[in-house]
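The chain contents come next:
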Amino acid sequence: MSDDEQQEQTIAEDLVVTKYKMGGDIANQALRVVIEAAKPGVSVLSLCEKGDAHIMAETGKIFKREKDMKKGIAFPTCVSVNNCVCHFSPLKSDPDYTLKDGDLVKIDLGVHVDGFISNVAHSFVIGASKDAPVTGRKADVIKAAHLCAEAALRLVKPGNQNSQVTEAWNKIAQSFKCTPIEGMLSHQLKQHVIDGEKTIIQNPTDQQRKDHEKAEFEVHEVYAVDVLISSGEGKARDGGQRTTIYKRDPSKQYGLKMKTSRMFFSEVERRFDAMPFTLRAFEDEGKARLGVVECAKHELLQPFNVLNEKDGEFVAQFKFTVLLMANGPLRITSGPLEPELYKSEHEVQDPELKSLIQSSASRKAQKKKKKKASKTAENATGQQAENEVAE
């Protein structure tokens, strides 16, 4: 390991915060581009291509002088509909899905700038409008997932435990007669690492609860907070669709036997390093489909399988990236939810959670106090105080 690698860069540095924010802005734009294009009759494949193309075009415009800097897609665009939980991002040679009115659509994507990752996911119903708001189970599950994300924004902060978030999510989902998808993880993010060691688990089984590492959130950490809520039992199963998204597992080594696999794997290493990628990104999709088999079999690549809840159920997802700054959590990605389009007859019952969600997540109030203090510090030292970084 070189010296630079050992010296981990965190959001204590202004430039790192800037890179996260630039990636976050591009992720938010790409999400909106895909949402606007998601109309009845549109194919999921075309939406996935549109999201990925936007990310590549926009990341290509920044840090142009830094020839060696890696930047681009940190998670390929996925469009998972209704009971499909996640990771649906078909190849040209796969069966596609055409959107229709009333579909509950989840869009999930990620961007990185110099390995600093900004992920986002959003849910909405096609054709929802003020005149025709969404009701019933689709509204329940979107409301529940959205409020879980809002609660997490207020709970993922230095000093709190990951288990507090898990418990809040269970209670919120229950009040909407919904269930968080069992065993799903939200990960800490680090440079070039999308699956950092600290995690928040959703709806753990008894065994998972025993095995899951307790963790405390700390200042200068970054998290991709991922909420997936189901109208059904919350069990995600492999639906048998082709896996199209993989990531390299840097801890595994194996001498590949097939030439196609070796060529494929060296392209993965060169272009994507340890970021998730889609087989769609290869010029010859057929060769990529062939080359991935041996790599996955020997665990050089980890699959992101397409998961499904039972037919007839609905799953909603909201994911945001949050920087735990010295002056409070800063959310850098989120989608454009219009709460008035979703009418549920349920609401959060727990009084503590209710007041938590209603409390302000804005950093303005905290900032004013800090500003005064940091100005004094600045006068004393001539240095800008660190807690003004994110303003």
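Residues numbered from 1 in each chain as written. Predicted model: local features only at pLDDT ≥ 70, side-chain atom pairs only at ≥ 80, totals over all residues. Heavy atoms only, no water.

Visitor: Please explain the overall build of the protein as it appears in this structure.
Guide: Of regular secondary structure, the protein possesses 10 helices and 15 strands. The C-alpha radius of gyration computed for the protein amounts to 21 Å, which stays within 12% of the reference 21 Å derived for 391 residues, consistent with globular compactness. Here the C-alpha coordinates of the protein stretch approximately 65 × 55 × 45 Å along the principal axes. Here the protein holds 391 residues, and the buried ones make up 53% of them. Split by element, the accessible area of the protein, about 18300 Å² in all, is 49% carbon and sulfur. Positive and negative charge centroids in the protein, built from 56 and 57 side chains respectively, lie 3 Å apart. (Helix = DSSP H or I, 4+ residues; strand = E, 2+ residues; numbered from the N terminus. Rg over C-alpha atoms; globule rule 2.2 N^0.38 Å. Buried < 20%, exposed > 50% of the residue type's maximum accessible area, 1.4 Å probe, protein only. Areas by Shrake-Rupley, 256 points an atom, 1.4 Å probe, with all protein chains shown as cover. Lys, Arg positive; Asp, Glu negative; His and termini not counted. Charge placed at Lys NZ, Arg CZ, Asp CG, Glu CD.)

Visitor: Explanation requested: the sheet that holds strand β9 (residues 237-238) in the structure shown.
Guide: Strand pairing in a sheet is mediated by backbone hydrogen bonds. Such pairs are either parallel or antiparallel. Here we have 3 strands laid out as an open sheet, ordered β2-β13-β9, and antiparallel in their pairing. Either end of the sheet is taken by a strand with one partner, and the two such strands are β2 (84-86) and β9. Sheet topology places β9 next to strand β13 (residues 307-308); 2 bridges connect them, and they run antiparallel. The residue bridging Arg-237 from the neighbouring strand is Asn-308, located in β13. (Pairing = 2+ DSSP bridges.)

Visitor: I tried to follow the pattern of salt bridges on my own but got confused; where do I start?
Guide: Pairing between side chains of opposite charge can happen when the charged atoms of each approach one another. Here the structure, examined in full by the defined rule, presents 27 salt bridges. For Asp-249, the salt bridge is made with Lys-252, and the minimal N-O distance between the two is 3.6 Å. Between Lys-252 and Glu-299 there is a salt bridge, with the nearest N and O atoms lying 3.8 Å from each other. One end of the pair, Lys-252, is in the loop between β10 (245-248) and α7 (259-272); the other, Glu-299, is in the loop between α8 (285-297) and β12 (301-304), and 47 residues separate them in sequence. The class for Glu-299 is partly exposed, based on a relative accessible area of 46%. The structure contains a network of salt bridges with shared partners spanning Glu-8, Lys-190 and Glu-197. (Salt bridge = Lys/Arg side-chain N within 4 Å of Asp/Glu carboxyl O.)

Visitor: Where do I start with the packing of aromatic side chains in this structure?
Guide: Two aromatic rings are characterised by how far apart their centres lie and by the angle between their planes. One pass over the structure, following the stated rule, counts 8 aromatic pairs. Their ring planes at 10 degrees and their centres at 5.0 Å tell us that Phe-272 and Phe-277 sit as a pair that is stacked. Given a relative accessible area of 14%, Phe-272 falls into the buried group. Through a chain of ring-to-ring contacts, three or more aromatic side chains come together here, namely Phe-264, Phe-272, Phe-277 and Phe-282. Here the basic side chain of Arg-271 rests over the ring of Phe-282, its NZ or CZ set 5.4 Å away from the ring centre. (Phe/Tyr/Trp six-rings, centres within 6.5 Å; stacked < 30°, edge-to-face > 60°. Lys NZ or Arg CZ within 6 Å of the ring centre and 35° of its normal.)

Visitor: What am I meant to see in the packing of α7 against α8 here?
Guide: Packed helices, taken two at a time, are described by their axes: the angle between them and the distance between them. Between α7 and α8, the least distance of the axes is 8 Å, while the angle of their chain directions is 95 degrees. The angle between the axes of α7 and α8 places the two elements in the roughly perpendicular class. On α8, the residues touching Thr-260, Ser-261, Phe-264 and Phe-265 of α7 are Lys-287, Ala-288, Leu-290, Gly-291, Val-292, Glu-294 and Cys-295. In terms of residue class, the contact of α7 with α8 is built from 6 nonpolar, 3 polar and 2 charged. (Axes fitted to C-alpha atoms, helices over the stretch in contact; angles between N-to-C directions. Parallel < 35°, antiparallel > 145°, perpendicular 65-115°, else oblique. Contact = heavy atoms within 4.5 Å. Nonpolar A, V, L, I, M, F, W, Y, C, P; charged D, E, K, R; others polar.)

Visitor: I would appreciate a short explanation of the sheet that holds strand β11 (residues 277-278) in the present structure.
Guide: Pairing within the open sheet is antiparallel, and its 3 strands lie in the order β11-β10-β12. The strands lining the two open edges of the sheet, one partner per strand, are β11 and β12. Where β10 meets β12, 4 bridges bridge the pair, whose relative direction is antiparallel. Considered in β12, the bridge of Ile-245 is made with Phe-304.

Visitor: Is there a simple way to explain the packing of helix α4 (residues 136-155) against helix α5 (residues 162-175) in this structure?
Guide: The interhelical angle for the contact between α4 and α5, taken along N-to-C directions, is 155 degrees, at an axis separation of 9 Å. With respect to α5, the axis of α4 lies roughly antiparallel. Once α4 is placed against α5, the crossing between them reads as right-handed. Contacts from Ala-144, Leu-147, Cys-148, Ala-151, Ala-152 and Leu-155 in α4 reach Gln-164, Val-165, Ala-168, Trp-169, Ile-172 and Ala-173 in α5. Considered class by class, the residues forming the contact of α4 with α5 number 11 nonpolar, 1 polar and no charged. (Left-handed = near helix turned anticlockwise from the far one by under 90°.)

Visitor: I tried to follow the side chain of Thr-166 on my own but got confused; where do I start?
Guide: Relative to the elements of secondary structure, Thr-166 occurs in helix α5. What Thr-166 contacts, discounting residues up to four positions off in sequence, is Ile-200, Ile-201, Asn-203 and Pro-204.

This is a description of form; function is not addressed.
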